[in-house]
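Structural overview
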Amino acid sequence: MKIAIVGGGLMGLVLAQKISSSTKATVKVLEQDTLPGGLSTYHNYGDFTWDKFYHAITPTDTDLIDFLSEIGLEEQIQWRRSLTGFYENKKFHSVSSSFEFLLFPLLGPIDKMRLGYTILKGSRTDDWKALEKIHVTDWLIKLGGKKTYDKFWAPMLHAKLGENHKKVSAVFIWTYIKRLFKARSSAAKKEHMAYVNGGYKTIFDRLEENLKQKGSNILLDSKVENISPDPNGGMNINYNGTIEHFDKVVFTSPLNVMEKVTAPELYNISKSKKPIDYLGVVCLILVTKKPITPFYVLNIGDNDTPFTGVIGMSSLVDLEETANQHITYFPKYVGQDNELWSKSDEEITKNFLNGVKYLYPDFDEADMISSHVHRAFKVQPMQVLNYSEIVPKVNTPHPDFYVLNTSQFVSESVNNNSVVTHVEKFMKNFKNDIESYSEKSIAQ
Ligand SMILES: Cc1cc2nc3c(=O)[nH]c(=O)nc-3n(C[C@H](O)[C@H](O)[C@H](O)COP(=O)(O)OP(=O)(O)OC[C@H]3O[C@@H](n4cnc5c(N)ncnc54)[C@H](O)[C@@H]3O)c2cc1C
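Note that this is a predicted model, so its numbers are computed, not measured.

For the rest of this paragraph, the subject is the site of the ligand. Taken together, 30 residues sit near the ligand, with Glu-31, Leu-39, Ser-40, His-55 and Asn-416 positioned nearest. The separation between an oxygen atom of the ligand and a polar side-chain atom of His-55 is 2.7 Å. For the ligand, whose accessible area on its own is 1000 Å², the fraction buried by protein is 93%. In terms of residue class, the shell around the ligand is made up of 13 nonpolar, 13 polar and 4 charged.

Given below as structure tokens:
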């Protein structure tokens, strides 16, 4: 049996690994880029290769950690203490342990208690269905008050979603609370995060190797142009100027691509047909001789910087991973119609560098080894009110076509642990579909 997976991001590759290691089917992953990995892919920064965007593993990412063990990378996971900072009114504050939380100077004792209550309530709630009916701002103000919202939550939301945070439901911050506040290890109540030696490249190299051994493969530089049902069963895929027949197709790329390459009868979108909006990210990356920030994540509480956060990757990752150079990411999350998309890399670099100098007056351009601008147009589906009602179903009207992508994360944030969880849930039924297909073929 031949299965095509459209999209060689982490979703497509975890799925390919699961299918080829647990069934007799062979898999072809069709990926339009020249590297595997999609949003989690890697980049050559000159003297070292590291993630194109920043990725960290948290202690609650148990499905991802189990998956890494499954593919033999357990020993490569490196846990480190990580620091989170807040910038407001020209001052940096660390909020990286429960103790520092108590000292957080921007809130008085009562507001801090209300903040603690919000986090406790959030981490103990499981009823996401109720949360998707409330705007994130309304929920946070109701639980923690306006001051806690303005001083603490708004900068965090801004770092993740930019101006668009006003549109999302409380599910967005609830998933964030569940994932990140549990990142503090219960023993020390201090934040820890991890990376894999060599970054995500190590993971993709391993997956590529495993697939090859099972007779499956990843076809890079292979943009899917069309997917259509074959009258005799299965699907035909048009890519690289050829048409190939597959018994089953799983589509893992963003929804706008699906709408381009398939007919509307092939997928099952909501009753309301409301389109799903995605946020994208524009990111300046600086490779420098000296560190820029001690924090892994810096949330920015004023609006004078052109980016929405600072990620000090080298505060987490050992320096030998990056040729003793420091790598820092300056992301800005923006909507699809933002003017930033039309700016050149030079314009973005100049604009963002002004922000770096504003935030870090001691920053010296002479310390810069290189700068890079990375963009991703479709990153974060916007979890608006009643989002679960508008997402596409995994099973479609065609028995041989499935949709499996991050737009279906109704009660999780977009992260790689959720990617693995989503694939594992899918595999439970998909394995049965593969088995009954094989039995049918033998009977014929
Ligand atoms: C800035 C940033 C920071 C992040 N930080 C973290 C983090 O710290 N921790 C974490 O767990 N997660 C993080 N994530 C999220 C993580 O990257 C995503 O969860 C994950 O990459 C989603 O994978 P995916 O395969 O579902 O989607 P994608 O990676 O988008 O994969 C879709 C693939 O489809 C391909 N494609 C599109 N059209 C076609 C076509 N026509 N034909 C063939 N192929 C096509 C694309 O090229 C792409 O490779 C971050 C993401 C970003 C952008």
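The subject of this paragraph is the side chain of Gln-17. Within the secondary structure, Gln-17 is located in helix α1 (residues 10-22). The class for Gln-17 is buried, based on a relative accessible area of 7%. Setting aside its immediate chain neighbours within four residues, Gln-17 contacts Phe-67, Ile-71, Leu-207, Asn-210 and Leu-211.

Along helix α2 (residues 62-70), the positions that sit buried rather than exposed are Leu-64, Ile-65, Phe-67 and Leu-68. End-on, the buried residues of α2 take up no more than an arc of 160°, which puts them together on one face. Where α2 terminates, the next one or two residues include Gly-72, which has phi positive at roughly 80°.

Once that is clear, we can look at a nonpolar patch on the surface. Among the surface-exposed residues, Phe-99, Leu-102 and Leu-103 lie close enough to one another that they form a single nonpolar patch of about 360 Å² accessible area. Its location among the elements puts Leu-103 in helix α3 (residues 98-103). Using a relative accessible area of 52% as the deciding quantity, one classes Leu-103 as exposed.

Before going further, it helps to examine the packing of helix α4 (residues 109-124) against helix α7 (residues 146-161). Two elements in contact, α4 and α7, have axes separated by 9 Å at closest approach and are oriented at 65°. Here α4 is positioned roughly perpendicular relative to α7, judged by the angle of their axes. Here α4 and α7 pass one another in a crossing that is right-handed. Contacts between α4 and α7 involve Asp-111, Arg-114, Leu-115, Thr-118 and Ile-119 from the first element and Lys-147, Thr-148, Phe-152 and Trp-153 from the second. Its residues assigned to classes, the contact of α4 with α7 comprises 4 nonpolar, 2 polar and 3 charged.

Among the secondary structure elements, Leu-120 is positioned in helix α4. On the basis of relative accessible area, Leu-120 is assigned to the partly exposed category, the value being 42%. In sequence terms Leu-120 and Ala-16 are 104 residues apart; their C-alpha atoms lie 38 Å from each other.

For the rest of this paragraph, the subject is the nonpolar core. Counting 79 residues, the largest nonpolar core has Trp-153, Ile-227, Ile-237 and Tyr-329 as the members making the most contacts within it. Counting residues in each nonpolar core, the second largest holds 40 residues, with Leu-15, Val-27, Ala-194 and Val-196 among its members.

With that settled, the discussion passes to the domain arrangement of the protein. Splitting the protein by domain gives domain 1 (2-55 + 199-271 + 392-443), domain 2 (98-181) and domain 3 (277-381). The partner domain 2 presents 5 residues to the 5 residues of domain 1 that form the contact. Taking both sides of the interface into account, the surface hidden between domain 1 and domain 2 amounts to around 460 Å²; carbon and sulfur atoms contribute 62%. Among the residues of domain 1 in contact with domain 2, Val-410, Ser-411 and Ser-413 are the three that bury the most area, contributing 73% of the side total.

This paragraph deals with unusual backbone geometry. Located in the positive-phi region is Asp-221, a residue other than glycine, with phi close to 55°. Of note, Asp-221 is situated in the loop between β10 (217-219) and β11 (224-229). The phi torsion at Ala-323 lies on the positive side, around 50°, for a residue other than glycine. The topology assignment puts Ala-323 in the loop between β17 (309-312) and β18 (326-334). Residue classification places Ala-323 among the partly exposed residues on the basis of a relative accessible area of 33%.

Parameters at a glance
- Residues numbered from 1 in each chain as written.
- Predicted model: local features only at pLDDT ≥ 70, side-chain atom pairs only at ≥ 80, totals over all residues.
- Heavy atoms only, no water.
- Near = heavy atom within 4 Å.
- Polar contact = N/O pair within 3.5 Å; in protein donor to acceptor, adjacent residues only side chain to side chain.
- Areas by Shrake-Rupley, 256 points an atom, 1.4 Å probe, with all protein chains shown as cover.
- Nonpolar A, V, L, I, M, F, W, Y, C, P; charged D, E, K, R; others polar.
- Helix = DSSP H or I, 4+ residues; strand = E, 2+ residues; numbered from the N terminus.
- Buried < 20%, exposed > 50% of the residue type's maximum accessible area, 1.4 Å probe, protein only.
- Contact = heavy atoms within 4.5 Å.
- Arc of directions from axis to C-beta.
- Patch = residues over 30% accessible without salt bridge, like charges linked within 9 Å, V, L, I, M, F, W, Y side chains within 5 Å.
- Salt bridge = Lys/Arg side-chain N within 4 Å of Asp/Glu carboxyl O.
- Axes fitted to C-alpha atoms, helices over the stretch in contact; angles between N-to-C directions.
- Parallel < 35°, antiparallel > 145°, perpendicular 65-115°, else oblique.
- Left-handed = near helix turned anticlockwise from the far one by under 90°.
- Core = buried A, V, L, I, M, F, W, Y, C linked by side-chain atoms within 4.5 Å.
- Domains from an automatic or database assignment.
- Buried area = accessible area lost by both parts, 1.4 Å probe.

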